[in-house]
Amino acid sequence: MQNLVIIGAGMAAGRLVEHVTEAGGWNTTLFNAEPRGTYDRIMLSPVLAGDKTYDEIVTHAPAFYEARGVTCRFGERVTAIDRAAKTVTGTDGIPLPYDKLVIATGSNPFIIPLPGHDLDGVIAYRDLEDTERMMALAPGQKAVVIGGGLLGLEAAAGMHARGVDVTVVHLMGHLMERQLDEAAGYLLRKELVGRGINVMVSNNSKEILGKDGHVQALKLENGTELPCDLLVMAVGIRPATALAAEAGLATGRGIHVDDQMITSDADVLAIGECVEHHGQIFGLVAPLYEQAKVAAATLAGESATFVNRETATKLKVTGCDLFSAGDFAEAEGREDIVFRDPGRGIYKRLVLENNRVIGAVMYGDTADGGWFHGLIKDGTDIAEMRETLIFGPAFQGGDVLDPMAAVAALPADAEICGCNGVCKGRIVEAIEGGADTLEGVRAETKASGSCGTCTGLVEQLLSATLGDAFEMPAAQPVCGCTDLSHEDVRRLIKSKELKSQAAVWQELGWTTPNGCHVCRPAVNYYLLADWPVEYQDDPQSRFVNERKHANIQKDGTFSVVPRMWGGITTANELRAIADAADKFNVPTVKVTGGQRIDLLGVRGEDLPAIWADLGKAGLVSGHAYAKGLRTVKTCVGTDHCRFGTQDSTGLGVKLEKALWGSWTPHKVKMAVSGCPRNCAEATCKDVGVVCVDSGYEIGVGGAAGMDLKEIQPLVKVETEEEAMTHVIAFVQLYRENAKYLDRPYKWIAKVGMDWVRERIADPGERQRLVEAFALSQSIYQKDPWAERADDKTARAFGPLADLTLEAAE
Amino acid sequence: MSWIDIGALDDIPLRGARKVKTKLGCVAIFRTDDQTVFATSNTCPHKGGPLAEGIVHDRKVTCPLHNWVFDLETGEALGADDGQIETFAAKVEAGRILIDAALLGQQAA
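None of these values were measured; they are calculated from a predicted model.

(A) Quick peek at the overall build of chain B. Within chain B, the secondary structure is distributed over 0 helices and 10 strands. Walking chain B from its N terminus toward its C terminus, one meets helices and strands in the order β-β-β-β-β-β-β-β-β-β. Taking all 109 residues of chain B together, the buried fraction comes to 59%. Across chain B, the fraction of contacts at a sequence separation of at least 24, relative to all contacts at a separation of at least 6, is 42%. Accessible surface, chain B as shown: approximately 4300 Å² in total, 46% of it carbon and sulfur.

(B) Just the packing of aromatic side chains, in detail. Residue and element names in this part refer to chain A. As enumerated under the stated definition, the model contains 13 aromatic pairs over all chains in all. Geometrically, the ring pair formed by F730 and W747 is tilted, given 6.0 Å between the ring centres and 55° between the ring planes. Residue F730 is located in helix α22 (residues 720–737), and its partner W747 is located in helix α23 (residues 744–751); the two are separated by 17 residues in the primary sequence. Comparing F730 with W747 shows no difference in burial state: the two are buried. Look at Y734 and W747: their rings are 5.6 Å apart centre to centre, the planes differ by 50°, and that puts the pair in the tilted class. With Y734 in helix α22 and W747 in helix α23, this pair connects stretches of sequence that are 13 residues apart. Under the relative-accessibility criterion, Y734 is labelled buried at 1%. With a relative accessible area of 2%, W747 lands in the buried category. Members of the aromatic cluster, each reached through a chain of ring pairs, are F730, Y734, W747 and W755. Sitting over the face of the ring of F643, R677 holds its NZ or CZ atom 3.8 Å from the ring centroid.

(C) View of the packing of helix α12 (residues 424–432) of chain A against helix α14 (residues 455–466) of chain A. Residue and element names in this part refer to chain A. Packing of α12 against α14 brings their axes to within 10 Å, and their N-to-C directions diverge by 55°. It follows that α12 is oblique to α14 by the angle criterion. Along this stretch, α12 crosses α14, giving a crossing that reads as right-handed. Across the interface between the two elements, K424, I427, V428, I431 and E432 of α12 pack against V458, L461, L462, T465 and L466 of α14. Residues of the contact of α12 with α14, tallied by class, amount to 7 nonpolar, 1 polar and 2 charged.

(D) Examining the sheet that holds strand β13 (residues 205–211) of chain A more closely. Residues and elements named next belong to chain A. Strand order across the open sheet formed by 3 strands is β13-β14-β15, with antiparallel pairing between neighbours. Only two strands of the sheet have a single partner each, and these edge strands are β13 and β15 (225–227). The mean angle between the axes of side-by-side strands here comes to 30°, regardless of whether they run parallel or antiparallel. Across 3 bridges, strand β14 (residues 214–220) lies against β15 in antiparallel orientation. The residue of β15 that forms the bridge with K219 is E225.

(E) Representation of the sheet that holds strand β2 (residues 16–22) of chain B in the model. The 5 strands lie next to each other as β39(A)-β2(B)-β3(B)-β4(B)-β8(B), forming an open sheet whose pairing is mixed. Edge strands, defined here as strands with exactly one partner in the open sheet, are β39 (801–802) of chain A together with β8 (87–88) of chain B. Examined bridge by bridge, strand β3 (residues 25–31) of chain B and strand β4 (residues 37–41) of chain B share 5 bridges and lie antiparallel to one another. Considered in β4 of chain B, the bridge of R31 of chain B is made with V37 of chain B.

Calculation rules
- Residues numbered from 1 in each chain as written.
- Chains lettered and ligands numbered in written order.
- Predicted model: local features only at pLDDT ≥ 70, side-chain atom pairs only at ≥ 80, totals over all residues.
- Heavy atoms only, no water.
- Helix = DSSP H or I, 4+ residues; strand = E, 2+ residues; numbered from the N terminus.
- Buried < 20%, exposed > 50% of the residue type's maximum accessible area, 1.4 Å probe, protein only.
- Contact = heavy atoms within 4.5 Å.
- Areas by Shrake-Rupley, 256 points an atom, 1.4 Å probe, with all protein chains shown as cover.
- Phe/Tyr/Trp six-rings, centres within 6.5 Å; stacked < 30°, edge-to-face > 60°.
- Lys NZ or Arg CZ within 6 Å of the ring centre and 35° of its normal.
- Axes fitted to C-alpha atoms, helices over the stretch in contact; angles between N-to-C directions.
- Parallel < 35°, antiparallel > 145°, perpendicular 65-115°, else oblique.
- Left-handed = near helix turned anticlockwise from the far one by under 90°.
- Nonpolar A, V, L, I, M, F, W, Y, C, P; charged D, E, K, R; others polar.
- Pairing = 2+ DSSP bridges.

What follows is the structure, encoded as structure tokens:
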């Protein structure tokens, strides 16, 4: 009999042992570093959650090995392979000869080399020992899991089920980003957070803090400290190739094998997570079993070929219904079919190519997962059933999608009219009580009777309640991705507390996977204006100017405009601007209409460098590119002018210092004139202040662009402080209510000047607006130029690669 | 076809793009929501807008200058506009972006 040595007793090796002992003819020795035979590693999560015991997941008990005559050397690590002598050496140091060797060393969990990673209480999630450490935690103790992938979430859910206080820290923007798209990731996160698991996405770990050699807390890059008794790293696995590499076998990411599972040495085979086959490495069990089968055939001298097949993923967390299968990457000519049911929290997405399904993601209702997986594996032509495909195998005809699903799904206590505090239940009650027109509902409940931005929603409620008896007026939708208008979307973001773009797309039933160039900037603005603390600005949803913090010109170069507070500058600042113009060969230097200096024709990759130079002189971004505060133009006022009545320059500077950096629905330009001669042209600005002897006249809604508009009086106040408060309150009211890309005059025309005056005149409301603005500024009032001066960020402004240089080599 | 490694997938923001200078002109590399990369000419055929600065949505990009929308897979202008951008082979392997070596502008090794 020939000697067969197998290194490793994981799931692939377990299957191989079955095949070779069935065929017979081998004197088999099985090494395993873990002190036990093969068990179903995939089922560790149910063991952790308490749904199963370890005994239930053992696939090969000692009796099995005995019956099959396998020599077991468990708890023993193979230290060397001598391919010339054809021996392996275990911990006993005595070389054991082999005729054929199979390496099945599996993979090692990746441990991020953070400071403190070697503390006691920092573990991976790989084997029974790790599982037992997690199970040993008492209810109320704290655990942190780094990694929001499949394994990390199973560990988190398992510990949470045992009463442990669990926080998941994930580097990427959404959970399980390799298997799920953003929308499904959002639903999953919502479910886990709803259960009481703390989930932190877009967070990078910095350091593990310990005391007396034991882990105490995880410190994040943003400074947050998460106290914990156990820290689990579930950030991925790496094929365990060290032993094979030391033996001189060809390895890349894994141990190289051919279609027969043979390594670069004809007498050495490899299977499982340690191998690399045609550039592919493996983490799911189905292809590993296939490899075991092929390896067994190869050992028996039969011909067999390993082909990697499609596999599907299911998250083993009780109650989280999630399915993902197939390919989402690297294919041309693909299309998406997306189905969302906000009311039931369902999301389904199919990826099609040449009339075949090649990928499927499902959340909330995965009953059809198996069927779709079948379509993927079989490459079924779906042209005939394409129209109804997403509804699954049982669907033949039926209801069409309801465009009013989002409103229908709102709970009765959801606020529809913010001005008058009217909730959905009250409106439905009024409609059922006989108010069958918009005017009727307004008279009965006051809903949509003030600023009017919720009109669309009230109409949808009328339609949903009355059915065909109510004729919907056609509202202008935001874009082709939704039937909802801007006003509807704004209102629903507030009332449904939607705090991410994925939440908006899902809960409001977007028909595209991730919006378009029309809705993305609008939704991004609404979210950051309504949830300044919770929402994180998405640069990829901004137009180029706001992403680059400079204005793109027709030739692709940019213009750079530093801020000059109220139009006041110094010799030092002017010198810095002149030096920068020289250094970066700026072709055009122009004085703008907003009393500052524009450097035109700067190359995109030079932007961070020119900002750094300007920043050294104290100059910050002028936001000349932003839907935000642009300039506050001033005249010299009482300082120098013989007609000046107040310190107009001083007020202008104060306003600009208070308001700069804020994002608004469209750009906002201001001016302060020191007397009614109005040298600062305040009467055609979005906000204009004209100083008079007795105080300050504040007007709003002026324009001097495509439309020419004179400001309308808002209020007259006596002190400079009051002038500041009223202007800030007005800007915040505009930020909270206007449609994206409506200048103040357009917005005022919709809501009415009287409504604006009333809101600003109310002291309580004014105070609330000022405070809301201050909160937003505490986050957004930062110089974007200074933030982009570091090397890493600056590199992103240059090309990703320059192949013209490589070619010349 | 031979491939050249031009950088890590994470060097491009999700739903974003970067440009690469080649002998054949600037090429835009896009990273779509589904973690796929596409390579096309960086220049809009309308008025020469830099497409790598556009908003990336689904498998499309909108030119930053005048909102022409292109299908990244076919290079075709969508909607009412008529035009075409050149597309190049690109793929992701082990977190690295690979593009067609022909873009080096010479016979690749």
